[in-house]
Amino acid sequence: MRDAFAKTIHEIAQHDARVVLLSGDIGNRMFDAFKSEFPDRFYNCGVAEANMVTLSAGLASCGLLPVCYTIAPFITYRCMEQIRVDLCYQNLPVVLVGTGAGLSYANLGVTHHSLEDVGMLSTLPNMRIVAPCDRKELTTLLKHIYKTPQPTYLRIGKKGEPDLIEQQAVELGEPTVFSSGTDIALFGTGTIMAEVLLAGKQLQQAGRSVEIANIHTLKPLNQTYLQNLMHRCQRIIVVEEHGKTGGLCSAIADVFARSELKGSAPSFKFLSVENAFSFKFTGDQETLRKFHKIDASAIYNAAIET
Amino acid sequence: MVPNNSVLLQLAAQIRYRIVELSHRNHITHLASSLSCVDILCALYFETLNLSLENINDPQRNRFILSKGHAVLALYAVLEKRGILSADLLNEIGTNNALLGEHPSMNGIAGVEWATGSLGHGLSAGLGMALAAKIQKQSYTVTVLLSDGECNEGSVWEAALFAPKHGLKNLTAIVDYNKWQATGRSQEVMSLEPLAEKWHAFGWNVCEVDGHDFSALTDALNQESPLPKAIIAHTVKGKGVSFMEDDNNWHYRVPKKDELEKARLELLGK
Ligand SMILES: Cc1ncc(C[n+]2csc(CCOP(=O)(O)OP(=O)(O)O)c2C)c(N)n1
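The structure contained in this document is the topic of the report that follows. Model, not experiment: these values are computed from the prediction. (Residues numbered from 1 in each chain as written. Chains lettered and ligands numbered in written order. Predicted model: local features only at pLDDT ≥ 70, side-chain atom pairs only at ≥ 80, totals over all residues. Heavy atoms only, no water.)

**Focus: the overall build of chain B**
Helix and strand counts for chain B come out as 11 helices and 7 strands. Compactness check: chain B gives a C-alpha radius of gyration of 17 Å against a globular reference of 18 Å for 270 residues, within 12% of the reference. Referenced to the eigenvectors of the C-alpha coordinate spread, the extents of chain B come out at roughly 50 × 45 × 35 Å. Every one of the 270 residues in chain B was classed for burial, and the buried ones make up 59%. Looking at chain B alone, contacts between residues at least 24 apart form 73% of all its contacts between residues at least 6 apart. Of the roughly 10600 Å² of accessible surface on chain B, 52% is carried by carbon and sulfur atoms. Distance between charge centroids for chain B: 3 Å, based on 24 positive and 30 negative side chains. (Helix = DSSP H or I, 4+ residues; strand = E, 2+ residues; numbered from the N terminus. Rg over C-alpha atoms; globule rule 2.2 N^0.38 Å. Buried < 20%, exposed > 50% of the residue type's maximum accessible area, 1.4 Å probe, protein only. Contact = heavy atoms within 4.5 Å. Areas by Shrake-Rupley, 256 points an atom, 1.4 Å probe, with all protein chains shown as cover. Lys, Arg positive; Asp, Glu negative; His and termini not counted. Charge placed at Lys NZ, Arg CZ, Asp CG, Glu CD.)

Structure follows, in structure tokens:
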């Protein structure tokens, strides 16, 4: 996914001279093409993320459209107040790109996990949060983001994620619907959609009518779609590669609690990571997804459980 | 008993081979970052820190923090050689369900003082420990190993402002100055130079040494000072394996089988 980001931001920059790319001493070689075409629009800001974020806000205040790129925890947690005061409070059009969403860098340990990033940033006024599930969706959504510039956090994977989008319509603010159904609604966000889709297919093979969607725009959340689904489906399963607090599960629970449902309430299953640091043992993304029960088979089991 | 230089050289070569072998076998990156600081860690663990399995949990022990946590292989391989970490645990580093991960973490591993991996935290943590020693009238020392790219972080300089003000002479910062960071030459990414003068201007007692010379390192570490000490250790990233030296591709690359063999010949001579 990071290569798709590098390619797309390069394309966007070719059409919009205001785009400036900043990176925090990561992405070796990834931006070579961008750098050689726009040497004065690429800045390696070093291992100094907080400075990068506020300096990008300064650029934005002068009419530029900066994008800051580094590993998810370092562009979010590390810069929290810079993001709050300099991006969100002043409402400046900066895109923060966090690579290594969720457990992408599982084996690098807790410092490199991003399981609280959406929770933290979603508390901030003016912040938009977008989590594409694959390269194609990332490309489309990043272009949409640049059509309506505002403070934005784009949460992406690393590399080698499977391509998931085929003919589905992708639109910022609208869930990407992979299949429509009336029995079970299966929602995920971002790169965990690979697991969600696997589980969804199994459920469909078992004869269930399943609505599968990527709620990639986490903030603002599309309330209308979710409320409709709550009326339509009796069972709603929400999956995220994020802690249980402040992410998609929290947001959907919130929508439900505030909605005026007519008729019987659907039953919910929320699959997310417990609110605890995973450091007791190490493992790759697949292993930790299994451990935290957000992998395809855990999703399938949660869906068929009564 | 303090080992002499030739013994240390041999230990360091064995430790380097262990690091390369683990990187190859368990697919662990940041190899060159680890090789860069092996001699510094050997000087600390075999000469000055006085840490062993017996005293590693003693509240009076000297503290060492690997602030450049991505060099975890170097720390663990040295702890293993020192008899503090078991070979069985280290063999499994980074594999599924293993206890040891690719950065030092807080899971009760003897010898790990701080969970690092996000750069720019270690010096402030060490500052807290050094200040605690002062408040509690303890005589232990605190040593923190930073990388040069890490000195981009503002937090490093916040800590640097604090330490001299409070006379924390029990605190030593070592910069593993290998002139590279993740995506380029340190001096090209930011204006790091003059690095020694920066620490000096912040009120530290600064000394520049060859970070691969045990005597120079030991002298610098042992030097008495009324101020916190900053040791700028000039090093070579990937030190010890000719085809990795000063080649930043080995920040991310993992050696293949034939490269491991070549490294073994160079390091162990067999
Ligand atoms: C706060 C933070 N930002 C970014 C990273 C990603 N990262 C890991 S190592 C590294 C730079 C390595 O260069 P240097 O600090 O000079 O250490 P060396 O490997 O050269 O010893 C970076 C940017 C990180 N670990 N922490």
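Having put the structure on the table, let's press on.
**Some thoughts on the overall build of chain A**
Across its full length, chain A carries 12 helices and 12 strands. In terms of principal-axis extent, the alpha carbons of chain A reach across some 60 × 40 × 35 Å. Here chain A holds 306 residues, and the buried ones make up 59% of them. Of the accessible surface of chain A, which amounts to about 12200 Å², a share of 52% is contributed by carbon and sulfur atoms. Considering chain A, the positive charge centre built from 29 side chains and the negative charge centre built from 31 side chains are found 1 Å apart.

**Side note on the pairing of strand E7 (residues 229-234) of chain B**
Residues and elements named next belong to chain B. Burial analysis of E7 places 5 of its 6 residues in the buried class, the great majority of the element. Bridge count for strand E3 (residues 171-177) against E7 is 6 bridges, and the pairing is parallel. Bridge pairing links Asp-176 to Ala-233 in E7. One ladder, built from 6 bridges, connects strand E6 (residues 205-210) with E7; its direction is parallel. When the bridges of E7 are listed, Val-209 appears paired with Ala-233. (Pairing = 2+ DSSP bridges.)

**Some details on the interface of chain A and chain B**
Counting from both sides, the interface comprises 24 residues of chain A and, opposite them, 31 residues of chain B. Carbon and sulfur atoms make up 46% of the area that chain A and chain B hide from each other, which totals about 2100 Å². Counting the surface chain A buries against chain B, the share from its top three residues, Val-47, Arg-78 and Thr-282 of chain A, is 28%. Notably, a salt bridge pairs Glu-153 of chain B with Arg-78 of chain A, separated by 3.1 Å at the nearest N-O pair. Linking chain A with chain B are 17 residue pairs in polar contact (both at pLDDT 80 or more). For the side of chain A that touches chain B, a count of residues per class yields 8 nonpolar, 10 polar and 6 charged. (Buried area = accessible area lost by both parts, 1.4 Å probe. Salt bridge = Lys/Arg side-chain N within 4 Å of Asp/Glu carboxyl O. Polar contact = N/O pair within 3.5 Å; in protein donor to acceptor, adjacent residues only side chain to side chain. Nonpolar A, V, L, I, M, F, W, Y, C, P; charged D, E, K, R; others polar.)

**Concerning the pattern of salt bridges**
Residues and elements named next belong to chain B. A complete count under the given rule lists 23 salt bridges over all chains for this structure. Between Arg-25 and Glu-21 there is a salt bridge; the shortest N-O distance is 3.1 Å. Highlighted residues: Arg-25 and Glu-21, both in helix H1 (residues 5-26), separated by 4 residues, approximately one helical turn. Put simply, Arg-18, Glu-21, Arg-25 and Glu-80 are held in one network by salt bridges that share partners.

**Examining the layout of surface pockets**
Within this model, the largest pocket holds a volume of roughly 1200 Å³. Along its surface, the largest pocket is lined by 47 residues, and Arg-2 and Tyr-105 of chain A together with Thr-29, His-30 and Tyr-252 of chain B are the ones closest to its centre. Contributing elements (two or more residues each) for the lining of the largest pocket: helix H1 (2-15) and strand E3 (65-71) of chain A together with strand E4 (180-181) of chain B. The leading source of residues in the lining of the largest pocket is E3 of chain A, at 3 residues. When its residues are assigned to classes, the lining of the largest pocket shows 13 nonpolar, 20 polar and 14 charged. (1 Å grid on protein atoms, 1.4 Å probe; cavity = no way out; pocket = protein on both sides within 12 Å on 5 of 7 lines; lining within 4 Å. Points joined across faces, edges and corners; volume = space filled by probe spheres on them.)

**What to know about the site of the ligand**
Of all residues adjacent to the ligand, which total 23 residues, the nearest are Glu-49 of chain A together with Ser-33, Gly-117, Ser-147 and Asp-148 of chain B. The residues that come close to the ligand belong to more than one chain, namely chains A and B. Leu-119 of chain B has a polar backbone atom sitting 3.0 Å from a nitrogen atom of the ligand. Summarising the interface, the protein chains cover 98% of the accessible area of the ligand, which totals 580 Å² for the free molecule. The cavity that encloses the ligand is the largest pocket. Looking at the shell around the ligand residue by residue, the classes come out as 5 nonpolar, 10 polar and 8 charged. (Near = heavy atom within 4 Å. Sits in = over half its atoms within 2 Å of the grid points.)

**Some remarks on the pairing of E3 of chain A**
Residue and element names in this part refer to chain A. Across the 7 residues that make up E3, a large majority, 7, are buried. Taken together, the 5 bridges between E3 and strand E4 (residues 95-99) define a ladder with parallel strand orientation. Across the sheet, Thr-70 pairs through a bridge with Gly-98, a residue of E4.

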